[in-house]
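# Observations on chain architecture
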Amino acid sequence: HIQGTSHSSARMKKGVTKKRGDNDLSGCLYFACVLGLLAMCCGMSVGFSIYNKYLFSGPIPAPILVTSTHRVFAFVGAFMIWMLASPSFYTRMKIEENPQMLKQILLIPVGFIMNIGMNNLSLQYTTLALNQLIRAFSPVSIAITSFFIEGKVQSVPKGASLAVLVAGVFLGVFSSPDFEVVGFLICAASLAGQSLSIVMTAYVMGGTKVKLAPWDVLLYATLPTLLVLLPWAYSLGEFDVMAQAVELHGIKRVGGLIVAGGCLAFSYNVACVVFIRLTSSVYYGVTGGFRSALAIIISFFLFPQRITMLGIVGTVFAMAAFSANSYFTMKEKLAESKDVPKPSEQRKLLDEEEDEEAVPVSKQDLIRTKLLQ
């Protein structure tokens, strides 16, 4: 009996070893997948910023109209996923069954227009380096807005990082020889719109259980933005600019540039969605400082830009403070998530308690366990 028990113990140990090996392999594959997606997201984010700057400063100086085409590509991509994907991958959320969702959907286009629309417009009037540096001011803008709307007070480490960020951004922006008032004001307005939309969305939708899937957001919130973007583009004369670009560069080149930008925009959205699904939006937010710094560095090799020593110091301080603020935010979010057990973990604890109550441990079982050990 003892010999048979030793054989079974050896088989159990081999099974445990094999299971651990499989877990290690799956863990390595998961880490490699997340790392690859992170590199893809960062690369596409920087590449998209550079591409837009090239497009709006050169062949097609019509940022609002081109942004409208990006929204069309996003809707078409989401529609194809809805039509072709299996229900296990994506099932459309029916907004007619939940009136609360209308409030959330209406906030998303407003935030997009104020944020992305004006940011793309600013690229026509300012350099990419200054654009990214001004956008790095977003944590400060969000903190100020959340204080006045929600009464939220930042922690001491985050407050210190925000103070350094303010000093770095002001030093880098106002010491730049490329500083332009119009571009600065438009980019600052987009920053204010981003902060207001983020804070108001969290404030209005606080406490509700309604959550849209990423594909629902692309499916429902893209076309309403066209109701504002297209008249806006017409008022700026961008339809005439587009016609002139077609006459100058040809329909094939202009069409190819628009299609490339739309595909890049949709692919970037998909990559970010998959990365956030595998990890968390907090981890993606931490990479913001790295993405901005990379875009600033590359922009000096591709576009005619100037910078002073004070500008370099201010940029370094701003990027370091932005990364530190993202790190402190990540620690706070992780601490909050640890305090609240996931539903699956709660179900597992309940199942374990039920198993312990339903199957009492006998004295013979204890002796057998000792022999196996």
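Residues numbered from 1 in each chain as written. Predicted model: local features only at pLDDT ≥ 70, side-chain atom pairs only at ≥ 80, totals over all residues. Heavy atoms only, no water.

Moving on, we get to the overall build of the protein. Along the protein, the regular secondary structure elements total 16 helices and zero strands. With 373 residues in all, the protein has 38% of them scored as buried. Contacts in the protein between residues at least 24 apart in sequence constitute 86% of all its contacts with a sequence separation of at least 6. Surface exposure of the protein reaches about 21,400 Å², of which carbon and sulfur atoms provide 68%. (Helix = DSSP H or I, 4+ residues; strand = E, 2+ residues; numbered from the N terminus. Buried < 20%, exposed > 50% of the residue type's maximum accessible area, 1.4 Å probe, protein only. Contact = heavy atoms within 4.5 Å. Areas by Shrake-Rupley, 256 points an atom, 1.4 Å probe, with all protein chains shown as cover.)

Viewed as axis vectors pointing N to C, helix H4 (residues 128-135) and helix H6 (residues 156-174) meet at an angle of 160°, and their least axial separation amounts to 9 Å. Our classification of the angle between H4 and H6 gives roughly antiparallel. As H4 runs across H6, the sense of the crossing is left-handed. Mapping the contact onto sequence places Leu130, Leu133 and Ile134 in H4 and Val169, Gly172 and Val173 in H6. The residue makeup of the contact of H4 with H6, split by class, is five nonpolar, one polar and no charged. (Axes fitted to C-alpha atoms, helices over the stretch in contact; angles between N-to-C directions. Parallel < 35°, antiparallel > 145°, perpendicular 65-115°, else oblique. Left-handed = near helix turned anticlockwise from the far one by under 90°. Nonpolar A, V, L, I, M, F, W, Y, C, P; charged D, E, K, R; others polar.)

Before going further, it helps to examine the pattern of salt bridges. A full pass over the atoms with the stated rule returns one salt bridge. Measuring nitrogen to oxygen at the nearest pair gives 3.0 Å for the salt bridge that ties aspartate 178 to arginine 306. A residue pair is termed long-range when its members are at least 10 positions apart, and aspartate 178 in the loop between H6 and helix H7 (181-204) and arginine 306 in the loop between helix H13 (288-302) and helix H14 (309-339) qualify at 128 residues. Here aspartate 178 falls in the buried class, since its relative accessible area comes to 11%. (Salt bridge = Lys/Arg side-chain N within 4 Å of Asp/Glu carboxyl O.)

Here the focus is the packing of aromatic side chains. One pass over the structure, following the stated rule, counts eleven aromatic pairs. Taken together, a centroid distance of 5.6 Å and an interplanar angle of 80° make the contact between phenylalanine 79 and tryptophan 82 edge-to-face. Separated by three residues within a single helix, phenylalanine 79 and tryptophan 82 lie in helix H2 (residues 63-84), roughly one turn from each other. Plain terms: the ring middles of tyrosine 327 and phenylalanine 328 are 5.8 Å apart, the flat faces sit at 55° to each other, and that makes the pair tilted. With relative accessibility at 41%, the residue tyrosine 327 sits in the partly exposed group. Three or more aromatic residues link up through ring pairs in this structure, and these residues are Phe137, Phe170, Phe174, Phe179 and Phe184. (Phe/Tyr/Trp six-rings, centres within 6.5 Å; stacked < 30°, edge-to-face > 60°.)

Compared with an ideal rise of 1.5 Å per residue, which puts twelve residues at 16 Å, helix H10 (residues 238-249) spans 16 Å between its outermost C-alpha atoms and is within 8% of the ideal. When H10 is considered as a whole, its buried residues turn out to be Glu238, Met242 and Ala245. In an axial view of H10, the angular spread of the buried residues amounts to 60°, which keeps them on one side of the axis. In this structure, H10 carries Asp240, Gln244 and Glu247 as exposed residues pointing more than 90 degrees from its buried face. Just downstream of H10 lies glycine 250, where phi reads positive at about 95°. (Expected span 1.5 Å × (residues − 1). Arc of directions from axis to C-beta.)

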